[in-house]
Every structure is written in C-alpha cells, then in structure tokens.
Amino acid sequence: MDEIETRLAERLAALRSDRGWSLDDLAKRSAVSRASLSRIENGDVSPTASVLGKLCVAYGMTLSRLMQMVEDDFIPLVTHASQEVWTDPETGYRRRLVSPTSRLLSGEVIEVEIDPGQRIEYGGSPRDGLEHHLVMLDGHLTMQIDGTTHHLGQGDCLRYQLRGGNVFQTPKNAGARYHLFIID
C-alpha cells in the first residue's frame, strides 16, 4: 500500500470515529458492508471509486474534499509531478488531483481517465446542488444525471448541479479523459 492509500485509510477511520459511529452505523449509512469498511480502514484493501463515493455521501463531502484531507497543506503552485494520482483497483479509473481544494479556495480541478468499456455509478451527491463543469479532453463519455443522458466528445463541456446519483460510461472502443471543475 502506498503513502496516499495509508493516509486515506487513516482519514476514513478518523472521520467515522469523529462522528462517534460504529462500523455498523457507517455500513447502514453508506450501504458498504461492515467487513469491507474494516478492511479499508485497516489498510488491507484500497477502496474503489464507487465505495469512496458512497462513503462521501454518508459523510456529506465531495470525494475531492476527502482526498484533500489526506493531502499536504495548501501550496500555490501544484506541479504536474506533485499531483496525487489515485487508481481504482476494480475499474482502472484514474484520478489526478490537478488543483486541490483548501480552506481558502472554493473550487478544485480533477483530471480523470476512464478506460474503454467501463461503467462507474455513484448513488448520490455529497451535497445537493454541488456545481460541476466537465470538460472533455479526449475520447467519448456518456453521462446520466438526474434521468438525462448526455453524450460527450472532445471539447464538449457539461455543466450541472449534482442532486442525486450519476453514471459515467465509456464505449467499448474508446476511453475518456476529462477535467472536472467542482465548485463547493
């Protein structure tokens, strides 16, 4: 397990402890099994993007805010070499934190890469109406948001306020790479 995964496991355990929740409490709130939560918090396994999404909904925070909590302190220049990259072990989804959140900044920028033929589903929003701007850099992506399907190609921008679950899906013959701007 690398350093960021170790810090993530520690942070997830601390968030649960800070709220006074048992593993059973968090399992009910997140729809993630108690056994999985225990293995994640102990650093035995790395959580998938889907599991992290469920935990963030339970904790009422964005995935980026959670990742910022395991990052170092705020610095003005974030070089490409210093940007944290996290990979979902199940889907290969790659998330580069280009511009992390901080206590002083409201927005963040994430670069995401999804391999061909993948479907990533999130069951809810950490905060109702969270503002997103998705800018496609390469590839093709189909997104389902609030019952509406959007087909995106290179250069397209999808702007939305997240109010519920959403689905990211790539076709079998093409992946997707995009920047996601989140305003909290």
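The rules behind each value
- Residues numbered from 1 in each chain as written.
- Predicted model: local features only at pLDDT ≥ 70, side-chain atom pairs only at ≥ 80, totals over all residues.
- Heavy atoms only, no water.
- Pairing = 2+ DSSP bridges.
- Helix = DSSP H or I, 4+ residues; strand = E, 2+ residues; numbered from the N terminus.
- Axes fitted to C-alpha atoms, helices over the stretch in contact; angles between N-to-C directions.
- Buried < 20%, exposed > 50% of the residue type's maximum accessible area, 1.4 Å probe, protein only.
- Lys, Arg positive; Asp, Glu negative; His and termini not counted.
- Salt bridge = Lys/Arg side-chain N within 4 Å of Asp/Glu carboxyl O.
- Contact = heavy atoms within 4.5 Å.

A word on the sheet that holds strand β4 (residues 119-122)
Spatial ordering of the open sheet is given by β4-β9-β6-β7, a layout of four strands whose pairing is antiparallel. In the strand order of this sheet, the two ends are held by β4 and β7 (148-152), each with one partner. Direction aside, the axes of adjacent strands within the sheet are offset by 15° on average. The pairing of strand β6 (residues 141-145) with strand β9 (residues 166-169) spans four bridges and is antiparallel. Bridge pairing in β9 places Thr142 opposite Gln169.

Comments concerning unusual backbone geometry
The backbone phi angle of Ala31 is positive, close to 65°, even though this residue is not glycine. Take Ala31: its relative accessible area is 59%, and that puts it in the exposed class. In the Ramachandran plot, Asp146 falls in the positive-phi region, its phi being about 50° despite a non-glycine side chain.

So, the sheet that holds strand β3 (residues 107-114)
An order of β1-β2-β3-β10-β5-β8 is seen for the six strands of this open sheet, with the pairing classed as antiparallel. Each edge of the sheet is formed by a strand with only one pairing partner; in this case those strands are β1 (85-87) and β8 (157-162). Strand-to-strand, the axes of this sheet are offset by a mean angle of 20°, without reference to chain direction.

As for the side chain of Arg95
With respect to the secondary-structure elements, Arg95 resides in strand β2 (residues 94-99). We note that Arg95 is buried and unpaired, the nearest opposite charge coming from Glu108 at a distance of 4.4 Å. Discounting chain neighbours no more than four positions away, the residues touching Arg95 are Leu63, Ser64, Met67, Glu84, Val85, Trp86, Glu108, Ile110 and Glu111.

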